[in-house]
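The primary structure of each chain is shown beneath.
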Amino acid sequence: MAPLPDPTDQLDGQDKALFDHMASARAHSDGRAQLGEVYVRMFNNPALAGKVGALGEQLRFNGTLPDDVRELAILRYATRVRAGYEWSHHQRPAMLAGLSADTIAEVTAGGIPAALPDASRAALQVVDAVTAHQSIPADVQDRVVAAYGEAGVVELVLLCGLYAIMSYMVFAFDIPVEEGLPTPPDALR
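As a starting point, this report considers the structure included with it.

Scoring rules and cut-offs
- Residues numbered from 1 in each chain as written.
- Predicted model: local features only at pLDDT ≥ 70, side-chain atom pairs only at ≥ 80, totals over all residues.
- Heavy atoms only, no water.
- Axes fitted to C-alpha atoms, helices over the stretch in contact; angles between N-to-C directions.
- Helix = DSSP H or I, 4+ residues; strand = E, 2+ residues; numbered from the N terminus.
- Parallel < 35°, antiparallel > 145°, perpendicular 65-115°, else oblique.
- Left-handed = near helix turned anticlockwise from the far one by under 90°.
- Contact = heavy atoms within 4.5 Å.
- Core = buried A, V, L, I, M, F, W, Y, C linked by side-chain atoms within 4.5 Å.
- Buried < 20%, exposed > 50% of the residue type's maximum accessible area, 1.4 Å probe, protein only.

1. What to know about the packing of helix 3 (residues 46-61) against helix 9 (residues 138-172)
Here comes step 1: Viewed as axis vectors pointing N to C, helix 3 and helix 9 meet at an angle of 140 degrees, and their least axial separation amounts to 11 Å. The pairing of helix 3 with helix 9 is recorded here as oblique in orientation. For helix 3 against helix 9, the interelement crossing comes out left-handed. Side by side, helix 3 and helix 9 meet where Val52, Leu55, Gly56, Leu59 and Arg60 of the first sit next to Glu155, Leu158, Leu159, Leu162, Tyr163, Ile165 and Met166 of the second.

2. Re the environment of Gln125
Here comes step 1: As for its position among the elements, Gln125 is in helix 8 (residues 118-131).
Here comes step 2: Contacts of Gln125, omitting those with residues within four sequence positions, involve Ile112, Val140 and Arg143.

3. As for the nonpolar core
Here comes step 1: Ranked by size, the top nonpolar core spans 40 residues in total, and within it Leu35, Val38, Tyr39 and Met42 carry the most contacts.
Here comes step 2: Of all the secondary structure elements, the ones that give two or more residues to this core are helix 1 (13-30), helix 2 (37-42), helix 3, helix 4 (67-80), helix 8 and helix 9.
Here comes step 3: For this core, the element with the most residues is helix 9, which contributes 13 residues.
Here comes step 4: Apart from residues lying up to four places away in sequence, Val38 is in contact with Tyr85, Met166, Met169, Val170 and Ile175.
Here comes step 5: Of all hydrophobic cores here, the second largest spans 12 residues; its members include Leu72, Ala83, Ala94 and Ile104.

See below:
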């Protein structure tokens, strides 16, 4: 086990303001007033925590993709790399985005729900290609671009990169899922 300390009691000035901003920006979607532990531990390097946090804010709250597609992609990424922490943190945002429990369960099980719109199914296939370290098939990319533009397909790939950073932090520093969040399925632990 290689945990990092909680540095929040030592943050001041600009670092404390950044921490508070990141917590506030995420509170509405996460349903919690505090910043997730992955970000808390990241504040052992406030400059990098701020950069990662800014990327997360851009992708989650100001991106091109509709909320449901973004959350599908995050859940798919979490499932593919066995990142239970991210899966737990995105159950509420996925439901707020309108995803049904059945859709979430099927995506978690590795399926691509037939009831999803074609562009959403294509977005899941993009995540599958990225996590398999493969080129996105041309027909899949064309379907995503037709729905969300080149910006949308780039956003899907960058979502995978952001959540890779998050999962690396969780795995490297044994960051547990916080109390009150859904317990990830055994396959994701």
